[in-house]
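Structural overview for review
Next come the chains, spelled out residue by residue.
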Amino acid sequence: MLSQTTHAAALPSMPFGAIPQQLREGRPHLGATKCFARNAEIFGEDEPATHIYRVVSGAVRAYRILHDGRRQITAFYLPGDLFGFEGGSNHLNSCEAICESQISVIRLNAASGPMTGPVDTTRDLWPMVKEELRRMQDHMVLLVRSAEERVAHFLLEMSRRGDNPGSVNLQMSRQDIADYLGITIETVSRTLTHFEQAGLISLRTSRQIDLCRRSALARLNA
């Protein structure tokens, strides 16, 4: 069983609307869409960073294995999100499909150069990188807060990135959530039960959660 970890987050995802039009549309010359089975690796830590990726369907987790064998999840990527940006020549994390997923694989030289049309992709990618840095900093701050604050933040974040702000349909497991928030799986389950008993959420299933009192969750997240 993995125990609590203290770690810095990797660059997380960003709103679909911020993605340049060429990447949103998945133009064929930018790269092919590939299918990945559940738990299939998309790329590994220390592999050359020659591509960026866009989630078409499904979900992806980015993670590292620590020296003591624990897994540290640094980000979740959902449909519309881009990932695989690196400051150096190699990937700092591994990424794998949480469930069966379709991923557009885009060569960096195709995404960074000028394209036909009015949009300069290099210029438009920069705000996305800055937004990822901002969210990385938010995640770092989150990891020094209480377990309730972390879980509340996670639920609100997932609801904002989903189709329905009043509910969350999680692709990831409780263990994934624990490894992302830096707490134990028991703490995740206990906190969700407490939220349900307090009327903040309703657990339809282990992965389908209605947010009954968003304002109260937001106060925990403030």
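Residues numbered from 1 in each chain as written. Predicted model: local features only at pLDDT ≥ 70, side-chain atom pairs only at ≥ 80, totals over all residues. Heavy atoms only, no water.

Digging into the overall build of the protein
Keep this limit in mind: Numbering of helices and strands runs from the N terminus, with a helix taken as a DSSP run of H or I at least four residues long and a strand as a DSSP run of E at least two residues long. Burial here depends on accessible area, computed with a 1.4 Å probe over protein chains only, as a share of the maximum for the residue type. Under 20% is buried, over 50% is exposed, and the range in between is partly exposed. Contact criterion: two residues are considered in contact whenever any of their non-hydrogen atoms come within 4.5 Å of each other. Each accessible area value is a Shrake-Rupley result obtained with a 1.4 Å probe; residue values ignore everything except the protein chains displayed when judging cover.
For the protein, the count of helices and strands is seven helices and eleven strands. The proportion of buried residues among the 222 residues of the protein is 48%. Pairs at least 24 residues apart make up 73% of the contacts formed inside the protein by residues separated by at least 6 positions. Carbon and sulfur atoms provide 51% of the accessible area of the protein, an area that totals close to 10,600 Å².

Topic: helix α7 (residues 214–221)
Note the following rule: Comment: arc refers to directions from the helix axis out to C-beta atoms.
All buried positions along α7 are accounted for by A216, L217 and N221. The buried residues of α7 occupy an angular sector of 145° when projected down its axis, which confines them to one face. Each element contacted by the buried residues of α7 is listed here: α4 (147–160), α6 (185–197), β10 (201–203) and β11 (208–211).

With respect to the packing of α4 against helix α5 (residues 174–181)
Counted only if it meets this: For helices, the axis comes from a line fit to the C-alpha atoms of the stretch in contact; other axes are also lines fit to C-alpha atoms, and the angle between any two N-to-C directions lies between 0 and 180 degrees. An angle below 35 degrees is read as roughly parallel, one above 145 as roughly antiparallel, one from 65 to 115 as roughly perpendicular, and any other as oblique. A crossing counts as left-handed when the near helix is turned anticlockwise from the far one by less than a right angle, and as right-handed when that turn is clockwise.
In the contact formed by α4 and α5, the axes pass within 11 Å of each other and the chain directions differ by 115°. Considering their axes alone, α4 and α5 lie roughly perpendicular with respect to each other. As α4 runs across α5, the sense of the crossing is right-handed. Counting all contacts with α4, which are made through R150, V151, F154 and E157, the residues of α5 involved are I177, Y180 and L181.

Some words on the sheet that holds β10
Cut-off, in case you're wondering: At least two bridges found by DSSP between two strands is the condition for calling them paired.
Strands sit in the order β9-β11-β10 across an open sheet of three strands; the sheet is antiparallel. What marks the edges here is a single partner per strand, and that holds for β9 (167–169) and β10. Neighbour-to-neighbour, the strand axes of this sheet turn through a mean angle of 20°, independent of strand direction. Note: β9 against β11, three bridges, orientation antiparallel.

Structural notes on the pairing of strand β8 (residues 101–107)
Residues in a regular strand point their side chains to alternate faces of the sheet. In terms of residue burial, β8 counts as a mostly covered element, since five of its seven residues are buried. Alignment of strand β3 (residues 51–57) against β8, held across six bridges, turns out to be antiparallel. Note that in β8 the partner of H51 across the bridge is R107.

What about the sheet that holds strand β7 (residues 94–97)?
Within the open sheet, the four strands sit side by side as β2-β7-β4-β5. Their pairing is antiparallel. Lying at the two open borders of the sheet, with one neighbouring strand each, are β2 (41–43) and β5 (71–77). In this sheet, neighbouring strand axes are inclined to one another by 35° on average, regardless of whether the strands run parallel or antiparallel. Relative to β7, β2 is paired through two bridges, and the arrangement is antiparallel. Bridging from a neighbouring strand, E41 pairs with E96 of β7. Seen against the sheet, α5 touches β4 (60–65) and β5 and runs at an angle of roughly 100° to β5.

Brief notes about α6
Formally: Any helix carries an expected span of 1.5 Å times its number of residues minus one.
When the terminal C-alpha atoms of α6 are compared, their 18 Å separation across 13 residues agrees well with the 18 Å that a helix rising 1.5 Å per residue should span. The complete set of buried residues in α6 reads I185, T187, V188, T191, L192 and F195. Projection of α6 onto a plane perpendicular to its axis shows the buried side chains occupying an angular sector of 160°, all on one side. Exposed and oriented more than 90 degrees from the buried face of α6 are R190 and Q197. Along its buried surface, α6 packs onto α4, α5, β10, β11 and α7.

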